[in-house]
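# Chain and residue survey
In case you want the letters, here they are:
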Amino acid sequence: MNIFRHRPLGLLAPALLIAVAGCSTAADSATVAVPSPDAKTAKVCRDLHRMLPRKLDGRSRNDPGPRSAYTAGWGNPAIILRCGVVRPPKMIDPKVAEGGDPDAIPGGVNGVDWLMEKQGDGTWRFTTANRVAYVQVSLPEGMSAQAEGTSVLTGLASAVRKAIPEGIASMR
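None of these values were measured; they are calculated from a predicted model.

A separate point is the confidence of the model for the chain. Confidence in the prediction for the chain averages 84 pLDDT; 82% of positions are at 70 or higher. Overall, residues 1-28 carries pLDDT values under 50, and its contacts beyond four positions in sequence, including any with other chains, amount to five contacts.

Here you go:
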């Protein structure tokens, strides 16, 4: 009897089971890449995590996986916050500062400066500016930057002002 003849199916079944188990449904919370901030940035990000609201724009807290002090989420599909991200390239693009890029606009909400970027899939991402850590907020598909985005940033402004001091973030 050739034992290797049956082995490929024996290995395929567990692999298939793992792949199916790893798939998420619409009811599951989102999965995001967790930032890897330096020690100074990590401290202020942990401070921010403790100050974040339980509800944001009428949505309940629904943190993404893997769980981390550097990520948070609200609703389903989730508004995602990531703290300790790297500086977005458009943050230093002179075209953006001069208002020449329609997909990247600087602005401020309740004492917190943000860079608003339209992503290739039509969603919006906001990144803090002039703070010692970059905090990134991504809106799910279908949320408008002007209406819901302003409400989301207003809901986060107090926590960001308290936890993330003004200053220059690390250049990483």
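Turning our eyes to something else, we now look at the sheet that holds strand E5 (residues 104-109). Taking strand neighbours across the sheet as the criterion, the six strands line up as E3-E4-E8-E7-E6-E5 in an open arrangement whose pairing is antiparallel. A strand with exactly one partner marks an edge of an open sheet, and here the two such strands are strand E3 (71-74) and E5. Taken pair by pair, the neighbouring strands of this sheet meet at an average axis angle of 20 degrees, ignoring direction. Summarising the sheet, strand E6 (residues 112-118) and strand E7 (residues 124-129) pair through six bridges and their orientation is antiparallel. Looking at the pairing, Lys 118 lines up with Trp 124 of E7.

Here E3 shows a buried face lined by Thr 71 and Gly 73 and a second buried face lined by Ala 72 and Trp 74. Where E3 meets strand E4 (residues 79-83), four bridges bridge the pair, whose relative direction is antiparallel. Directly across from Thr 71, in E4, lies its bridge partner Arg 82. Linkage of E3 to E4, two consecutive antiparallel strands, is achieved through a turn of four residues, within which Gly 75 is found at a positive phi near 80 degrees.

Looking at the element boundaries, Thr 123 is found in the loop between E6 and E7. Ignoring sequence-local partners within four residues, the contact set of Thr 123 consists of Glu 117, Lys 118, Leu 139, Pro 140 and Glu 141. Here Asp 121 takes part through its side chain, which lies 2.6 Å from a polar atom of the side chain of Thr 123.

In terms of burial, E4 is a largely internal element, five of the five residues being buried. With burial as the criterion, each face of E4 is covered, one bearing Ile 79, Leu 81 and Cys 83 and the other bearing Ile 80 and Arg 82. Pairing between E4 and strand E8 (residues 135-138): four bridges, direction antiparallel. The partner of Ile 80 across the bridge, within E8, is Ser 138.

What follows covers unusual backbone geometry. Gly 65 connects to Pro 66 through a cis peptide bond whose omega is -15 degrees. The linkage connecting Asn 76 with the following residue, Pro 77, adopts the cis geometry, with an omega of 5 degrees. The backbone phi angle of Asn 110 is positive, close to 50 degrees, even though this residue is not glycine. By the element assignment, Asn 110 lies in the loop between E5 and E6. In the Ramachandran plot, Asn 130 falls in the positive-phi region, its phi being about 60 degrees despite a non-glycine side chain. Topologically, Asn 130 is positioned in the loop between E7 and E8.

Let's shift gears to helix H2 (residues 39-51). Taking 1.5 Å of rise per residue, 13 residues should cover 18 Å, and H2 covers 19 Å from first to last C-alpha, within 8% of that figure. Those residues of H2 lying buried are Thr 41, Ala 42, Val 44, Cys 45, Asp 47 and Leu 48. On its buried side, H2 packs onto E4, E8 and helix H4 (147-163).

Cut-offs used in this document
- Residues numbered from 1 in each chain as written.
- Predicted model: local features only at pLDDT ≥ 70, side-chain atom pairs only at ≥ 80, totals over all residues.
- Heavy atoms only, no water.
- pLDDT = per-residue confidence, 0-100.
- Contact = heavy atoms within 4.5 Å.
- Pairing = 2+ DSSP bridges.
- Helix = DSSP H or I, 4+ residues; strand = E, 2+ residues; numbered from the N terminus.
- Axes fitted to C-alpha atoms, helices over the stretch in contact; angles between N-to-C directions.
- Buried < 20%, exposed > 50% of the residue type's maximum accessible area, 1.4 Å probe, protein only.
- Polar contact = N/O pair within 3.5 Å; in protein donor to acceptor, adjacent residues only side chain to side chain.
- Expected span 1.5 Å × (residues − 1).

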